[in-house]
Amino acid sequence: MVRRVLFLSTLFLCSAEVHHYEFFVRESNFSKLCNTTTLLVVNDSYPGPEIRVRRGDTVFVNVHNQGNYGFTIHWHGVKQPRNPWFDGPEFITQCPIQPGTNFTYEVILSDEIGTLWWHAHSDWTRGSVQGAFIILPAENETYPFPTPDADQTIILQSWYNGDYKQIIDQALATGIPPRQPDAYAINGNLGDTYGCTNDTIFRMQVDYEKMYLLRIINAAMNEQQFFAITNHTLTVVAQDASYVQRFTSDYILISPGQTMDVLVSANQNVGQYYMATRPFSDASAMPPDNITTGIFQYTNSDGGLNASLITLPARDDTNATNSFISRIRNTNVTQNPPLNVPTGIDRRVFITIATNTVPCNTSQCLLPNRFVASLNNVSFVFPRIDILQAYYNSTGGVFTEDFPLNPPVFYDFTGNLTGFNTRAELGTRAVVLNYGEAVEIVLQATQLGGGGSHPIHLHGFSFYRVGSGSGNFNNETDPSTYNLVDPPLINTIHVPGKGWAALRFFANNPGVWFMHCHFERHSSWGMDTVFIVRNGTTTETSIRPPPSTMPRCPGT
C-alpha cells in the first residue's frame with residue numbers, strides 16, 4: 001500500500017505574504033438586555049477584530065494583556081505545521097499571558113481556505129475574546145463556485161449578563177453546572193425578541209440580484225445552532241476551511257467551533273427579511289429556546305417585519321440535524337488538498353464520552369458530589385506547566401502517556417444507565433502517536449449524565465469524517481458503512497446523541513495537540529485529552545525549536 005504523508009508547510013507558499021496585527025485585550029463595558037456588563041475583549045470590540053489574509057500567508061499577532069488575569073489565544077482550525085508553540089490552549093501548549101505582558105503569536109497557514117476563527121483558550125474567556133479569521137484564495141486562485149459579489153461574516157454567540165470567567169470559576173468551585181446564557185447574539189447584536197428596546201439588531205444590506213457569501217461561525221459557548229434567512233435558500237460551499245460539494249437547504253446546523261461558508265442570492269421581492277438562529281439540543285438539559293434575529297435588508301426597501309415568518313427547526317429536531325449533516329461531502333476540486341483518506345489503519349482509538357461525578361471536598365461545595373466530564377472515564381486535569389514544554393524538555397511528573405485506547409468497561413453505552421456507576425478517574429493522560437501513522441478515532445456518545453451530542457475539536461489537524469451512526473458502535477459491521485470516497489475534511493466533528501462518529505487522519509504534524517469537546521462546560525469539566533505526535537526522522541518532520549519569548553508558567 002502506498003501512502004501520501006504530505007508535509008503541510010510545503011503547500012501553497014507561492015507569493016505568500018506576512019501580516020501583522022496588534023491585539024489589546026482589556027475590560028470594556030457593554031449594554032445589552034437593559035444591563036451593563038464588563039467583558040474582557042480585544043481592541044474594545046465584541047466580537048473582536050477580523051483577520052483577513054490569503055491562503056498560505058503567515059500572520060503575526062502581538063497580544064497585549066491589559067486585563068486582570070492571564071489568558072491565551074487559539075487559532076481555531078489552523079494546523080500550525082511543526083509549530084505547536086503558537087497553537088494556544090492554556091497549559092497544553094503554553095502558559096497564560098500574564099497581565100501587563102505581551103506575547104506575539106506566529107500563525108502559519110498551509111492548505112486552509114475559507115472561514116476560521118480565533119478565540120481565547122483559557123477558562124471561559126473565549127465567550128468575549130473572539131473574532132473571525134478569514135482566508136481568501138491565494139493570488140491567481142479562484143473559488144470553485146460563482147464568485148460572490150461580496151461576503152459577510154456572521155458570528156453566532158452566547159450572551160451572559162456577567163463576566164464569563166467568573167461564571168465558570170464559581171461553577172467549578174461549588175461543583176454545580178454553570179448557569180445558562182441570558183440570550184444569543186449575531187455579531188454582538190441581540191435582535192428584537194428579548195424585550196429590551198435598547199438592544200440593537202444586526203442588519204446586512206444587500207442589492208437585488210447580487211450573490212453573497214456568508215461566513216458563518218458558531219462561537220456560542222454550549223449551544224449548537226440552527227440558522228436560516230426567511231424566504232431565501234442557502235447553498236453550502238465549505239465547512240471548517242475546506243470546500244464541500246454544493247447543496248441547498250432552507251437552514252444550516254452548526255456546532256460550537258465549526259465554521260460554514262454559505263452562498264445566498266438576493267433574488268426575492270425587495271424588502272426586509274429576518275435572519276434567525278435558535279439552539280439545537282438532544283440532551284436532557286436543554287438550553288433556553290430563544291430565537292435571535294438579524295435583518296437581511298434589500299437596498300431601498302421599506303416596510304416592517306413579521307416575527308411569525310421565521311421558520312427554523314424545533315430545538316430538539318434531531319431529524320433536521322442528522323439530515324443536514326449527512327449531506328456534507330468532500331468535493332474533488334483543485335482548490336482542495338488531494339483526497340487522502342487513510343485505509344490501512346495503524347492506530348485505532350475508541351473513546352466513550354460522558355458526564356460524571358466525583359466527590360466534592362471543598363468548603364464551597366453545594367452538594368456531596370461535583371460534576372465532571374470524561375473521555376474513556378478519564379476526566380482531564382490541567383497541569384500547571386504546559387504539556388508541550390514538559391514533553392519537549394522531558395520534564396517528568398506533568399503528564400503520563402497512558403490514555404486508554406479503549407473504554408475501561410464495555411456496557412450498553414446508549415441504553416438506560418439508571419444506577420450505573422457514574423464516577424470518573426482524574427488524570428493528565430495523553431495518547432502518543434508515531435509520525436506518519438494512519439489513525440482512526442471512533443467517538444461514542446453515552447447516556448451517562450445528560451447524554452446528548454458533542455462537538456469534538458482536534459487541534460493541529462483537519463480530519464476526515466468517515467462515518468456516523470446511531471446506537472453502540474459495532475467494530476465488525478459499522479466500518480462497512482464508512483464513506484471513504486468523499487468524506488468531508490473538517491476540524492470539529494458532531495458526535496450524535498445516542499450514537500457515534502468516526503474520523504481518520506495521518507499523524508503528519510509533530511507536536512502536542514489538544515482534543516476536547518467544544519461545549520465549554522464539558523471541556524472545563526474534563527472532556528479533553530492530548531495527542532502527542534512524535535518527531536519524524538528529519539528536521540523537516542520535527543517540531544520547530546521553542547521561541548525564547550514563551551510566557552513563563554506560574555511559579556517558575
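Residues numbered from 1 in each chain as written. Predicted model: local features only at pLDDT ≥ 70, side-chain atom pairs only at ≥ 80, totals over all residues. Heavy atoms only, no water.

Caption draft 1: Representation of the pattern of salt bridges within the structure. Under the criterion given, the structure shown has 21 salt bridges. Note that Glu-141 and Arg-55 form a salt bridge whose closest N and O atoms lie 2.8 Å from each other. Separated by 86 residues along the polypeptide, Glu-141 in the loop between β8 (130-136) and β9 (150-159) and Arg-55 in the loop between β3 (51-54) and β4 (58-65) bring together distant segments of the chain. For Glu-440, the salt bridge identified is with Arg-348, shortest N-O distance 3.4 Å. Remark: Arg-348 occurs in strand β20 (residues 347-359) and Glu-440 occurs in strand β25 (residues 438-445); sequence separation between them is 92 residues. (Salt bridge = Lys/Arg side-chain N within 4 Å of Asp/Glu carboxyl O. Helix = DSSP H or I, 4+ residues; strand = E, 2+ residues; numbered from the N terminus.)

Caption draft 2: Region of interest: the sheet that holds strand β32 (residues 528-533). Read from one edge of the open sheet, five strands run β24-β32-β31-β26-β29, paired in mixed fashion. The open sheet terminates on both sides in strands that have one partner only, identified here as β24 (430-433) and β29 (492-495). Each strand axis lies, on average, 20° off the axis of its neighbour in the sheet, ignoring direction. In terms of strand pairing, strand β31 (residues 511-517) meets β32 through six bridges, oriented antiparallel. Counterpart to Trp-513 in the pairing with β32 is Phe-531. (Pairing = 2+ DSSP bridges. Axes fitted to C-alpha atoms, helices over the stretch in contact; angles between N-to-C directions.)

Caption draft 3: Geometry of empty space enclosed by the protein. Per the counting criterion, the structure on display carries five cavities of 30 Å³ or more. The space that makes up the second largest cavity amounts to roughly 70 Å³. For the second largest cavity, the full set of lining residues is Gln-239, Leu-253, Ser-255, Gln-258, Met-260, Phe-324, Ile-325, Ile-328, Arg-465, Ile-490, Thr-492 and His-494. Breaking the lining of the second largest cavity down by element, the ones donating at least two residues are α2 (318-326) and β29. When the residues that make up the lining of the second largest cavity are grouped by side-chain class, the tally is six nonpolar, five polar and one charged. (1 Å grid on protein atoms, 1.4 Å probe; cavity = no way out; pocket = protein on both sides within 12 Å on 5 of 7 lines; lining within 4 Å. Points joined across faces, edges and corners; volume = space filled by probe spheres on them. Nonpolar A, V, L, I, M, F, W, Y, C, P; charged D, E, K, R; others polar.)

Caption draft 4: Highlighting the state of the cysteines. On inspection of all chains with the given rule, the structure shows three disulfides. Here Cys-95 pairs with Cys-553 through a disulfide, and the sulfurs are 2.0 Å apart. Taking the sign of the S-S torsion, 80° for the link of Cys-95 and Cys-553, the bridge is right-handed. Remark: Cys-553 occurs in the segment after β32 and Cys-95 occurs in the loop between β5 (73-76) and β6 (102-108); sequence separation between them is 458 residues. Each sulfur of the disulfide joining Cys-360 and Cys-365 lies 1.9 Å from the other. What sets the handedness of the Cys-360 and Cys-365 disulfide is the S-S torsion sign, and at about -80° it is left-handed. (Disulfide = S-S within 2.5 Å.)

Caption draft 5: Up close: the pairing of strand β18 (residues 272-280). Of all nine residues in β18, nine are buried; the element is thus mostly enclosed. Direction of pairing for strand β13 (residues 224-229) relative to β18: antiparallel, over a ladder of six bridges. Bridge assignment links Phe-226 to a residue of β18, and that residue is Arg-278. Where β18 and strand β19 (residues 292-298) come together, six bridges link them in antiparallel fashion. What sits directly across from Tyr-273, in β19, is Phe-296. (Buried < 20%, exposed > 50% of the residue type's maximum accessible area, 1.4 Å probe, protein only.)

Caption draft 6: The arrangement of the sheet that holds strand β10 (residues 183-186) in detail. Read across the open sheet, the six strands follow the order β10-β9-β12-β17-β14-β15; overall the sheet is mixed. Among the strands making up the open sheet, the edge pair consists of β10 and β15 (242-249). Geometrically, the sheet is characterised by an average inter-axis angle of 25° between neighbouring strands, direction not taken into account. Note: strand β14 (residues 234-239) against strand β17 (residues 259-265), four bridges, orientation antiparallel. By the bridge assignment for β17, Thr-235 is matched with Leu-263.

Caption draft 7: Broad picture of unusual backbone geometry. Residue Tyr-46 is joined to Pro-47 through a cis peptide bond whose omega torsion reads -5°. As for its placement among the helices and strands, Pro-47 is situated in the loop between β2 (35-42) and β3. The backbone of Asn-376 shows a phi angle near 50°, a positive value even though the residue is not glycine. With respect to the helices and strands, Asn-376 occurs in the loop between β21 (369-375) and β22 (378-380). Look at Asn-376 and you get buried, because its relative accessible area is 1%. In this structure, Lys-498 is a non-glycine residue whose phi angle is positive, near 55°.

Caption draft 8: Just the packing of aromatic side chains, in detail. Tallying each qualifying case throughout the model produces 33 aromatic pairs. Ring centres of Tyr-46 and Trp-159 lie 5.6 Å apart, and the angle between their planes is 65°; this geometry places the pair in the edge-to-face category. Of the two residues, Tyr-46 sits in the loop between β2 and β3 while Trp-159 sits in strand β9, which places them 113 residues apart along the sequence. Comparing Tyr-46 with Trp-159, the two get one shared label, buried. Clustering of aromatic rings is evident, with ring pairs tying together Phe-350, Phe-410, Tyr-411, Phe-413, Phe-420, Phe-473, Tyr-482 and Trp-500. The positively charged end of Lys-165 is found above the aromatic ring belonging to Tyr-69, 5.1 Å away from the centroid. One cation-aromatic arrangement involves Arg-521 over Phe-519; the distance from NZ or CZ to the ring centre is 5.5 Å. (Phe/Tyr/Trp six-rings, centres within 6.5 Å; stacked < 30°, edge-to-face > 60°. Lys NZ or Arg CZ within 6 Å of the ring centre and 35° of its normal.)

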